[in-house]
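# Architecture at a glance
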Amino acid sequence: MKIVFSLSLPRDEASVPVVRHICRDALLNLGVQRESVEEIEVATSEACTNVLKHVSGTQDSYEVSVEVNDSQCEIRVIDTGYGFDYSSLEDFGHTHVDPDAEGGRGIFLMRAMVDSIRFTSEPEQGTIVHLIKHLELEEDSVLRRLISVVTPHD
């Protein structure tokens, strides 16, 4: 069983806290432990901010899709811009970050907060940032209860 929701948002910096709050509230209401939720909030905010700051040639909106099951949360931040060569960022984001640098910390933060980050980018079709976080659920979580209803134990 999975729960999926998606948002189509204007390319405006005011949309980032909207995404963050909707994700946070949904995950907390499903019974995801607060620490996992906070890490997802940071990573999602960074991914959205990167879309707003670094994407060109895109429409007036971008999308965020969130898929939650009993063990993980997958977030996709989707733009329809020109795409970019993310391989040039792979080593930088993995190994170090210059604390005095103006940029470059977003990918480092996303990697630190989630279990998996992947970029899919096609020229003229845009980029998808895939974030995957394994979840810890509260003992009495709604998500745990919903899963047991869909897949009852013998």
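Everything below is about the structure printed above this text.
Right, let's walk through the structure included here. What you see is a predicted model, and the numbers here were worked out from it, not measured in a lab. (Residues numbered from 1 in each chain as written. Predicted model: local features only at pLDDT ≥ 70, side-chain atom pairs only at ≥ 80, totals over all residues. Heavy atoms only, no water.)

Now for the overall build of the protein. A tally of regular secondary structure across the protein gives 5 helices and 5 strands. Its helices and strands taken in sequence order, the protein reads β-α-α-β-β-α-α-β-β-α from the N to the C terminus. In the protein, buried positions account for 38% of the 154 residues. Restricting to contacts in the protein with at least 6 residues of sequence separation, those with at least 24 account for 66%. When the accessible area of the protein is evaluated, it comes to approximately 8800 Å², of which 49% is carbon and sulfur surface. (Helix = DSSP H or I, 4+ residues; strand = E, 2+ residues; numbered from the N terminus. Buried < 20%, exposed > 50% of the residue type's maximum accessible area, 1.4 Å probe, protein only. Contact = heavy atoms within 4.5 Å. Areas by Shrake-Rupley, 256 points an atom, 1.4 Å probe, with all protein chains shown as cover.)

Tyr62, Val64, Val77 and Leu131 are the most contacted members of the largest nonpolar core, which has 33 residues in total. Excluding anything up to four places from it in sequence, Leu131 contacts Ala43, Thr44, Ala47, Cys73, Glu74, Ile75, Met110, Val114, Ser116 and Ile117. (Core = buried A, V, L, I, M, F, W, Y, C linked by side-chain atoms within 4.5 Å.)

Let us look at the environment of Ile3. For Ile3, the position within the fold is in strand S1 (residues 3-10). By relative accessible area, which is 23% here, Ile3 ends up partly exposed. Residues Ile3 and Asp70, spaced 67 residues apart in sequence, show a C-alpha to C-alpha distance of 9.5 Å. With residues near it in sequence (within four places) discarded, Ile3 still touches Leu30, Val66, Glu67, Val68, Leu143 and Leu146.

Counted under the stated rule, the structure contains 5 salt bridges. Where Arg24 meets Asp25, a salt bridge forms, and the shortest distance between an N and an O atom there is 3.2 Å. Three or more residues joined by partner-sharing salt bridges are found here, namely Arg24, Asp25 and Glu41. (Salt bridge = Lys/Arg side-chain N within 4 Å of Asp/Glu carboxyl O.)

On to the state of the cysteines. Tallying each qualifying case throughout the model produces 0 disulfides. Here Cys48 is not disulfide-linked; the sulfur of Cys23 is the nearest cysteine sulfur, at 7.6 Å. In this model Cys73 remains outside any disulfide bridge; the closest cysteine sulfur is found in Cys23, 6.9 Å from its own. Owing to a relative accessible area of 0%, Cys73 belongs among the buried residues under this scheme. (Disulfide = S-S within 2.5 Å.)

If you trace the backbone, Ile147 turns up in helix H5 (residues 142-150). It is 8.3 Å that separates the C-alpha atoms of Ile147 and Asn69, two residues lying 78 residues apart in sequence. With residues up to four places along the chain from it excluded, the contact list for Ile147 reads Met1, Asn69 and Asp70.

Turning next to the sheet that holds strand S2 (residues 61-68). Sheet architecture is open: 5 strands sit in the order S1-S2-S3-S5-S4, paired in antiparallel fashion. Bordering the open sheet on either side are S1 and strand S4 (116-122), each of which pairs with just one other strand. In this sheet, neighbouring strand axes are inclined to one another by 15° on average, regardless of whether the strands run parallel or antiparallel. As paired strands, S1 and S2 are joined by 8 bridges and run antiparallel to one another. (Pairing = 2+ DSSP bridges. Axes fitted to C-alpha atoms, helices over the stretch in contact; angles between N-to-C directions.)

Let's shift gears to the environment of Asp60. Considering the arrangement of structural elements, one finds Asp60 in the loop between helix H2 (34-54) and S2. Excluding its chain neighbours within four sequence positions, the residues that come into contact with Asp60 are Leu9, Pro10 and Arg11.

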